[in-house]
Amino acid sequence: MTESFRRSGEYPQGDDHQATDPMRAAYPQQQPVSSSPVNPEWPPPPAYAPVAPVAIDPGTTVWPGAGQGGDGGAGGHGAGGAYAGYPEPDAVSSTAVLQAQPVPAAPAPAPKKRAKGTIALLAAVAIVAAAIGGGTAYGIQELTGKDTASSSTSTTVVAAAKKGTVAGVAQAVSPSIVEVSATSNAGSSTGSGVIISSSGEIITNNHVISGASEIKVQLSSGKSYTAKVVGTDSKKDLALIKLENAPSGLKVATLGNSDGVQVGDDVVAIGSPEGLTGTVTSGIVSALNRDVTVSTDESQGQQQQQGGGSGQWPFSFGGQQFNGDTGSSTTTYKAIQTDASLNPGNSGGALIDMNGNIVGINSAMYSAANSSSSSSSAGSVGLGFAIPINTVKSDLASLRAGGSDS
């Protein structure tokens, strides 16, 4: 009889046998218990080094499960499995994903602060830009110590409360307008002038001071000073005189831009007609670029007298003579025509826009009186002419150097 039992040790029981034993796989709880204490909630570590974790993304670590490699089956119980003979901790997935504690990123460097000096400079530039655009070039002129009249069309000399009014213009500009009295062998003449520098430079008409042996200037304050001729330009009917021992605190006029003047603009005229210092009249710009012809002869220039004579300055326009004979020596310039009242004595005074900028130097007027009439019957009929201020500005350097007549 053939023996049907197996002797102990006849058939060695290896791990492969245990791993494939269906009973052992079905009842894992019946597996031998290790004599060493084991945490029942977590299986003992495998007999070999576990697979190293793989880092996929920053902050994420993946631990490959037993079913993903080795010799074991899909369930991870093969002889080469990491948990051979023991239940795997995760029955749902064979891969454990552990979220690593994110490492705080290094703080971004703080933005560099712009230097205060740069900001202050930009602010100063912005303020200066806003100031010039807003009409305070005259104030900037004073702050920078510039003693010559400014020349910005955006400058507003008139106080804000009186902006655009004749009263506001008169109040702001009258201190810059003076009366000019010239004495010569032919008699005396009276005209007006405009202060253009704090050192006492005054612009007037050449015919007002032509041939004068003595010149007196009366300020708006009533004080009188002696003046000397710096330069003359009879071709433009302009002259530059300067006060001797000029006082401090002279109110310098603001020279505008006559190229910006338009027909219909409101204007104000200030001068000393018939010796009436500081007379203010108003009107509009009637026309531009009028070809006005005036005399350059000294004797003709002395016809504008106070208290006698014709009291008129002769000029011609369109081939016709007005206010007497201009003589043989004449000059022609482009003039601004205005209906603001001008009378003998206004010559050399200012034609002003409503912001207080000088846009012209009054130089001629038409009178209905003939040469045999007395000065008392002569008067303005709304036809006055002024030399554009841009012509004056372009001639200043020459006048300061002695003028074209020197």
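Residues numbered from 1 in each chain as written. Predicted model: local features only at pLDDT ≥ 70, side-chain atom pairs only at ≥ 80, totals over all residues. Heavy atoms only, no water.

Student: I'm lost on the nonpolar core in this one. Help?
Tutor: Nonpolar side chains in soluble globular proteins generally cluster together in the buried interior. Counting residues in each nonpolar core, the largest one holds 33 residues, and the members touching the most others are Val173, Val194, Ile203 and Ile358. Of the residues forming this core, the biggest block, four residues, is contributed by helix α8 (residues 389-400). Val178, Val180, Val217 and Tyr225 belong to the second largest nonpolar core, which has 16 residues in total. (Core = buried A, V, L, I, M, F, W, Y, C linked by side-chain atoms within 4.5 Å. Buried < 20%, exposed > 50% of the residue type's maximum accessible area, 1.4 Å probe, protein only. Helix = DSSP H or I, 4+ residues; strand = E, 2+ residues; numbered from the N terminus.)

Student: Please explain the environment of Val180 as it appears in this structure.
Tutor: Looking at the element boundaries, Val180 is found in strand β4 (residues 177-184). Using a relative accessible area of 0% as the deciding quantity, one classes Val180 as buried. Sequence spacing of Val180 and Ser347 is 167 residues, and the spatial spacing of their C-alpha atoms is 9.6 Å. Setting aside residues up to four positions removed in sequence, Val180 forms contacts with Ser189, Thr190, Gly191, Ser192, Gly193, Val208, Ile209, Ile215, Lys216, Val217 and Ile241. (Contact = heavy atoms within 4.5 Å.)

Student: Please clarify how the environment of Asp266 should be interpreted in this entry.
Tutor: Summarising the element assignment, Asp266 is placed in strand β10 (residues 266-271). Sequence separation of Asp266 and Ile284 is 18 residues, and the distance between their C-alpha atoms is 4.4 Å. The contacts of Asp266, once residues within four sequence positions are left out, are Gly283, Ile284, Ile352, Asp353 and Met354.

Student: Honestly, the sheet that holds strand β6 (residues 201-204) in this entry has me stumped. Any pointers?
Tutor: If you walk around this closed barrel you meet the six strands as β4-β5-β6-β9-β8-β7, and the pairing is antiparallel. Averaged over all pairs of adjacent strands, the angle between their axes in this sheet comes to 40°, without regard to strand direction. Where β4 meets strand β7 (residues 214-218), five bridges bridge the pair, whose relative direction is antiparallel. In the strand pairing of β7, Glu179 is matched with Gln218. Each of β6, β8 (224-233) and β9 (238-243) touches α8; the most contacted strand, β9, lies at about 60° to it. (Pairing = 2+ DSSP bridges. Axes fitted to C-alpha atoms, helices over the stretch in contact; angles between N-to-C directions.)

Student: Please explain helix α5 (residues 166-173) as it appears in this structure.
Tutor: At 3.6 residues per turn, the α-helix brings residues three or four places apart onto the same side. When α5 is considered as a whole, its buried residues turn out to be Gly168, Val169, Ala170, Ala172 and Val173. Tucked inside the fold, the buried residues of α5 contact β4, β10, β11 (279-295), β15 (350-353) and β16 (358-367).

Student: What should I look at first to understand the pairing of strand β14 (residues 330-338) in this one?
Tutor: Pairing geometry for β11 and β14, over eight bridges, is antiparallel. Within the sheet, the bridge partner assigned to Asp291 lies in β14 and is Lys334. Looking at chain direction, β14 and strand β17 (residues 380-388) are connected through three bridges and run antiparallel. Looking across to β17, one finds that Ile336 is bridged to Ala386.

Student: Got a minute to help me understand the pairing of β6 in this structure?
Tutor: Side chains of β6 alternate between two faces, with Glu201 and Ile203 and Ile202 and Thr204 buried alike. In this sheet, β6 lies alongside strand β5 (residues 187-195) in antiparallel orientation, the contact comprising two bridges. Each bridged residue has a counterpart across the sheet, and for Val194 the counterpart in β6 is Ile203. Hairpin geometry of β5 and β6 is characterised by an intervening segment of five residues between the two adjacent antiparallel strands and by a positive phi of about 105° at Gly200. Across four bridges, β6 lies against β9 in antiparallel orientation. Of the residues in β9, the one forming a bridge with Ile202 is Ile241.

Student: Explanation requested: α8 in the structure shown.
Tutor: Between the first and last C-alpha of α8 there are 16 Å, a value that for twelve residues agrees with the 16 Å anticipated at 1.5 Å per step. Among all positions in α8, only Ile389, Asn390, Val392, Asp395, Leu396 and Leu399 are buried. Where the residues of α8 are buried, they touch β6, β8, β9, β16 and β17. Just past α8, the residue Gly402 takes up positive phi, approximately 120°. (Expected span 1.5 Å × (residues − 1).)

Student: Would you mind showing me how to read the confidence of the model for the protein chain here?
Tutor: It should be kept in mind that the predicted coordinates are not to be read in detail where pLDDT is low. Per-residue pLDDT for the protein chain has a mean of 73; in total, 53% of the residues score no lower than 70. Across the protein chain, the secondary-structure element scoring lowest on mean pLDDT is helix α4 (residues 137-143), at 38, and the one scoring highest is β6, at 98. Contacts of residues 91-98 to residues separated by more than four positions or lying in other chains number 19 contacts, the stretch itself having pLDDT below 50. This model gives residues 301-310 a pLDDT under 50, and the stretch forms 35 contacts once residues within four places in sequence are excluded. (pLDDT = per-residue confidence, 0-100.)

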